[in-house]
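# Descriptive analysis of the structure
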Amino acid sequence: MAVLEVRGLTKHFEVRPGFLSRLVGEGRARTIKAVEDVSFAIAEGEIVGLAGESGCGKSTVCLLITRLLEPTAGDIVFNGTSVSTLHGDALKTFRASVQIIFQDPYESLNPRFSVFDLIAEGPRALGLWDAKETEERVLAMLAGVGLPPAEYRARYPHEMSGGERQRVGIAGALVMEPQLVVADEPLSMLDVSIRADILDLLRDLSQRLGFSCLYVSHDLSILSNIADRLMVMYLGMVAEIGPIADVITHPRHPYATALVEAVPAPDPRYRRPVPKILGDITRPIDPPPGCRFAGRCPHAIDICRIDPLPGLVAVGKDHFAACRRLGELE
Amino acid sequence: MNALIALRRGVLNQIAIIRQSPLGTVGALIVLFFVIVAILAPFLAPHGAWTTLKDASGRIATLQPPSAEFWLGTTFLGRDLLSQMMWAARTTIFIGLVSGLISIVIGANVGLFSGYYGGRIDEVLMRFTDIVYGMPFLPFIIVLIALFGRSQSFVILAIVLIVWRTSARVVRAQTLALKQRQFVLAARARGCSDLRIIYRHIMPNILPLLLLYTAFNIAWSIIAEAGAAFLGFGDPEHLSWGGMLYELWISGQIRTAWWWFAFPSVAIISLVSALVFISRAYEEVANPRLRQR
Amino acid sequence: MLLELDNLCVSYATRAGPVHAVEGVKLDVGENEVLGLAGESGCGKTTLIRSLLRLLPKGAGVSADRLAWKGHDLAPLSDRDFRRRIMWNEISLVPQSAQASLNPVYRVGDQIIEAIEEHADMTPAAAKARVAELFDLVGLEPGLISAYPHEFSGGMRQRAMIAMALVLDPALVIMDEPTTGLDVLVQERIIRKVRELREISGNSILLITHDISVIAEMSDRIAIMYGGQIMEVAAAIDMFEEPVHPYTLGLKNAFPSIKQIGKPLISIPGSPPSLLGGVAGCPFAPRCPFAVERCRSERPVLKEIAPGHTAACHRSGEAEFMRARASEKQTWQFSKSAA
């Protein structure tokens, strides 16, 4: 059974302009349709990569799945139970089972907490274990992320490097042995030469502790290294989803194709092909009807702009793309 | 046990912070001096506060300037000023401390809850704060005293009412800023309840600000108390430095008995300034840009 | 040869002592070439360009054996002369954070015109025309000249900064992390635009970045910086195909590539050195799997290994051996300390 199943997930933000704007006549309320009808599943032990540019909604999806934000519509089903109905003890169990690793190791740690307190905060807040067990597990986790416990337990964030802080963040998320971990660009603020270690750490821990992972990143190179499956989002919708090798070597959706082709390689002889897409990315405010990519798509035809969003269509084994013209484009 | 260790570390931290600022250190020493005098007053004061004294010739020692016998001089009714200063220190510091602490507790909580929850709670609390801002100190204390008589508790009540407001606004602003920080989101993700986030995560980060305003609040309370007592609204059972000035005023001797005027005034000014110096040390912590490189 | 630096040293005084941010840097930038300067945080690259452009805070000590522009020694120039004659006219900068460099309350076009007026004698009409010309070159609509910074997206802002840097047709443009923080499609567009612009104006670029892919794509020559010193300099292709310095070898291993799905990555253990009080010997020695006693006491200097290829390593003669060993994971697992 899938650990996480997301069906038709939608999140709209209402933007009501200020009083003066209303006075001047620009006062209509606008809607930011950050996430629109997103559906996907994560199997047990699977690492699903979520790629897309800024404004595509990937951070919003992270917040929705972890219930740090309430959806406007759609179902989030975790281990067979719908997430939005949870409260009380069931919500506590959910919190211990679904955790998140943040992007910024300089901002996601409370500067007043010692390393031990930072890692122990989750279990303490949820009242999971007694003091003795908390101590054992926290220290074990600290060692598990490669930080010698005796040396690090009493340190404060400002006394540690970015890499060390991120390890503490990972320890804090994993100490409760969650089943699903959402990793929101955990490497992007770290130096290049230490990223590999942290990536390896995540991979190892995922195998040892057996958790599934939704790994969000704009960097397809990193995703190609760690993810089993890849999901590409554009302006709130899922453009393509499938096994990583398939999506990267044979992308079917025009946006996914452009994204994959635009990834640079560390090779001076390699020149990226000019992407065949037009214009700049827009923001998902009051988007026009039809496919969100239609405005920039080199293959868009009238029906793409008018008809409602195309749903995900199978293009291979476990490989889906949301495009009306798939049959004609290959 | 853990709480005691944390407390000890907290206290040592504060001492270290204050010592870093020369002004703060001076302030702390002055405050310490007055507090010790206040605590040991029963042992240090040569006479009672209301004891009428006689001089060598057997007459009442009224309006004696400072001398070997009466270090700070005497009042119109022959009372030793030195002793009065010591006993009054107790009242002044007690009222200042209690009012200051109560007002910071109220102000901080109002600010924290207002800033964290926002929405209706914020609106209601801030509306309440605005109403209180409009209330004047003196008329309010006059009404209280007219209704309930002169007592220390009402002085404290009136002072708390005007002093808590500013700290509430400032704490609210800081809370609003901290609420957006990612470590607060991380705390929510880990399962922390709202209360836990407010007290365990946000409050420790505004501690320098809270301590700064505690010092300020105590300072303002002392000034308010001195003002109220000077105008005759103090508790007649408990003499304070402001009350001493009131007695001076009604005795009509304000132009002649310079010692009766000088010592209580200097004491009030020194104590309040000392508290402001201490708050300066915290300001440097709360705003690192003020620190000397 | 446009820019010649030899033995450039920059140090700051801090409360904890002197920090030697740049130590003995030797670097050249020729005409019509792109020199990529790669290095991670704390390697001194930002300090290096700040010292070149005289943007360092007071109290920073700069010394060099040679600091020359087009053959003329720059050191005797007063700050005012430098700002007036060299800055923006000969050397310009596309700074790291475009947000921080644009004043939000003035229109973008006005800010560029102001820069022109400060550094050159142009009539207002000529300046306006030049701005319009450059906006067209970088692919921004002319209407954006009178727009405010907040109306620009990240990529557009960056292009505006590039336009501003090119406005007086300088011989050298220094770009500090021009694509960091931008989406990959936007990045590709900017890099393509910069290449097109170079074909028209033929200026040189000193490109500072930690992104190895971007450096590979844009540079003719590459210099690797670490701990305030230059570790290796070579033509781009040589640097990637036959790197010599252990740090370069380590960086190659650490980079994932979409062309090699699932390639195992190897980190360099440890973290960059603190530059407080200077470093004895080679700054990379603590993290180097090939370090010997000499590396910790004697600082290596840049030596020529092959034509146009220099490296600062005592063991540069054993490059083939080091290259072979560097691709094995165990080589890098000698240190227990985490990064």
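Residues numbered from 1 in each chain as written. Chains lettered and ligands numbered in written order. Predicted model: local features only at pLDDT ≥ 70, side-chain atom pairs only at ≥ 80, totals over all residues.

## A few points about the overall build of chain B
Where we set the bar: Each helix is a run of DSSP H or I of at least 4 residues and each strand a run of E of at least 2, with the numbering of both proceeding from the N terminus. Partly exposed residues are those falling between the two cut-offs: more than 12 but fewer than 20 other C-beta atoms within 10 Å of their own, whereas 20 or more means buried and 12 or fewer means exposed, with C-beta atoms placed from the backbone. For every residue pair, C-beta atoms are placed from the backbone, and the pair is scored as a contact if these atoms sit within 7 Å.
Broken down by element type, chain B carries 11 helices and 0 strands. Starting at the N terminus and walking to the C terminus, you meet the elements of chain B as α-α-α-α-α-α-α-α-α-α-α. Relative to its full complement of 293 residues, chain B shows a buried share of 42%. Across chain B, contacts joining residues at least 24 apart in sequence account for 71% of those joining residues at least 6 apart.

## Thoughts on the overall build of chain A
Note the threshold: Using C-alpha atoms as the atom set, the radius of gyration is obtained and then compared with a globule rule of 2.2 Å times the number of residues to the power 0.38.
Per the secondary structure count, chain A includes 13 helices and 12 strands. For chain A, the C-alpha radius of gyration of 21 Å lies close to 20 Å, the compact-globule estimate for 330 residues. Seen through its principal axes, chain A has C-alpha atoms that stretch 65 × 55 × 40 Å. For chain A, the proportion of contacts with a sequence separation of at least 24, taken over those separated by at least 6, is 66%.

## Thoughts on the interface of chain B and chain A
The following threshold applies: Just so you know the grouping, Ala, Val, Leu, Ile, Met, Phe, Trp, Tyr, Cys and Pro go in nonpolar, Asp, Glu, Lys and Arg go in charged, and all remaining residues, Gly too, go in polar.
Across the contact, 16 residues belong to chain B and 20 residues belong to chain A. Contributing elements (two or more residues each) for the side of chain B that touches chain A: helix H7 (182-190) and helix H8 (194-202) of chain B. At 8 residues, the largest contribution of residues to the side of chain B that touches chain A is made by H7 of chain B. Split by residue class, the side of chain B that touches chain A holds 7 nonpolar, 5 polar and 4 charged.

## Structural notes on the pairing of strand S3 (residues 34-38) of chain C
All names here are of chain C. Just so we agree on the cut-off: Two strands qualify as a pair provided DSSP detects at least 2 bridges between them.
Within S3, 5 of the 5 residues are buried, leaving the element largely enclosed by the surrounding structure. Side chains Val-34, Gly-36 and Ala-38 project from S3 onto one buried face, and the interleaved Leu-35 and Leu-37 project onto a second face that is buried too. Summarising the sheet, S3 and strand S9 (residues 204-209) pair through 5 bridges and their orientation is parallel. Counterpart to Leu-35 in the pairing with S9 is Leu-206. Sheet analysis places S3 next to strand S10 (residues 221-226), joined by 4 bridges and oriented parallel. Across the sheet, the residue bridging to Leu-35 is Arg-221, located in S10.

## What to know about helix H7 (residues 184-201) of chain C
Stated precisely, the cut-off is as follows: Multiplying 1.5 Å by the residue count of a helix minus one yields the expected span of that helix.
For H7 of chain C, which comprises 18 residues, the first-to-last C-alpha distance of 26 Å matches the rise-based estimate of 26 Å (1.5 Å per residue) to within 8%. Those residues of H7 of chain C that fall on the buried side of the exposure criterion are Val-184, Leu-185, Val-186, Gln-187, Glu-188, Arg-189, Ile-190 and Val-194 of chain C. Taken together, the buried residues of H7 of chain C touch helix H11 (254-261) of chain A together with helix H6 (154-166) of chain C. Positive backbone phi, approximately 65°, marks Gly-202 of chain C, located one or two places after H7 of chain C.

## Quick word on the sheet that holds strand S1 (residues 4-15) of chain A
Residue and element names in this part refer to chain A. Counted only if it meets this: A fitted line through C-alpha atoms serves as each axis, taken over the contacting stretch for helices, and the angle formed by two N-to-C directions is quoted from 0 to 180°.
Here 4 strands make up an open sheet; going across it, the order is S2-S1-S4-S5 and the pairing antiparallel. Either end of the sheet is taken by a strand with one partner, and the two such strands are strand S2 (30-42) and strand S5 (81-82). Relative to S5, strand S4 (residues 73-78) runs antiparallel, the two sharing 2 bridges. When the bridges of S5 are listed, Val-77 appears paired with Ser-82. Sitting on the sheet, helix H2 (residues 58-65) is in contact with S1, S2 and S4, with an inclination near 65° to S2.

## Digging into the sheet that holds strand S8 (residues 212-216) of chain A
All names here are of chain A. The strand order across the open sheet formed by 8 strands is S6-S7-S8-S3-S9-S10-S12-S11, and the pairing between neighbours is mixed. Here the strands that pair on one side only, and so sit at the sheet edges, are strand S6 (98-101) and strand S11 (313-316). Averaged over neighbouring strand pairs, the angle between their axes works out to 20° when direction is ignored. In terms of strand pairing, strand S3 (residues 47-51) meets strand S9 (residues 229-234) through 4 bridges, oriented parallel. In the strand pairing of S9, Gly-49 is matched with Leu-230.

## Concerning the packing of helix H4 (residues 115-126) of chain A against helix H5 (residues 131-144) of chain A
Residues and elements named next belong to chain A. Just so we agree on the cut-off: When an angle is under 35 degrees it counts as roughly parallel; over 145 it counts as roughly antiparallel; between 65 and 115 it counts as roughly perpendicular; any other value is oblique. For a crossing to be left-handed, the near helix must be turned anticlockwise from the far one by less than a right angle; the clockwise case is right-handed.
It is the contact of H4 with H5, at a shortest axis distance of 10 Å, that shows an interaxial angle of 125°. Classified by the angle between their axes, H4 and H5 sit oblique to one another. In the crossing of H4 with H5, the sense of the turn from one axis to the other is right-handed. Residues Phe-116, Ile-119, Ala-120, Pro-123 and Arg-124 of H4 pack against Thr-134, Val-138, Met-141 and Leu-142 of H5. Of the residues belonging to the contact of H4 with H5, the class tally is 7 nonpolar, 1 polar and 1 charged.

## What to know about the environment of Arg-169 of chain B
Residues and elements named next belong to chain B. By secondary structure assignment, the location of Arg-169 is in helix H6 (residues 152-179). Linking Arg-169 and Gly-234, residues 65 residues apart in sequence, is a C-alpha distance of 29 Å. Once residues within four sequence positions are removed from consideration, Arg-169 is found in contact with Gly-111 and Thr-129.

## What to know about the pairing of strand S1 (residues 3-14) of chain C
All names here are of chain C. Here S1 pairs with strand S5 (residues 66-69) via 4 bridges, running antiparallel. If you follow Leu-3 over to S5, its bridge partner there is Trp-69. Note that S1 and strand S2 (residues 17-29) share 9 bridges and pair antiparallel. Bridge assignment links Val-10 to a residue of S2, and that residue is Val-22. In this sheet, strand S4 (residues 60-63) lies alongside S1 in antiparallel orientation, the contact comprising 4 bridges. The residue of S4 that forms the bridge with Cys-9 is Ser-63.

## Notes on the confidence of the model for chain A
To keep things clear, this is the line we draw: Values of pLDDT, ranging from 0 to 100, describe the predictor's confidence in every residue of the model.
On average, chain A scores 88 in pLDDT, and the residues at 70 or more come to 96%. Taken element by element, chain A is modelled with least confidence in helix H1 (residues 19-24) of chain A, mean pLDDT 65, and with most confidence in S3 of chain A, mean pLDDT 95.

## Observations concerning unusual backbone geometry
Of note, the phi angle at Asp-37 of chain A is positive, near 55°, even though the residue is not glycine. Take Asp-37 of chain A: it is sitting in strand S2. Phi is positive for Asp-169 of chain C, close to 55°, though the residue is something other than glycine. Inspection of the secondary structure assignment puts Asp-169 of chain C in the loop between H6 and strand S8 (172-176). Residue class for Asp-169 of chain C comes out partly exposed when judged on the 15 C-beta atoms lying within 10 Å of it.

## Re the interface of chain A and chain C
Contact with chain A, which involves 39 residues of that partner, is made by 36 residues of chain C. With 7 residues, the single largest contributor to the side of chain A that touches chain C is helix H8 (residues 192-209) of chain A.

## A few points about the packing of helix H3 (residues 81-117) of chain B against helix H9 (residues 207-230) of chain B
Residues and elements named next belong to chain B. Close contact between H3 and H9 brings their axes to 8 Å; oriented N to C, the two are set at 135°. With respect to each other, H3 and H9 are oriented oblique. With respect to the hand of their crossing, H3 and H9 are arranged in right-handed fashion. Contacts from Thr-92, Ile-95, Gly-96, Leu-97, Ser-99, Gly-100, Ser-103, Ile-104 and Ala-108 in H3 reach Leu-210, Tyr-213, Thr-214, Asn-217, Ile-218, Ser-221, Ile-222 and Glu-225 in H9.

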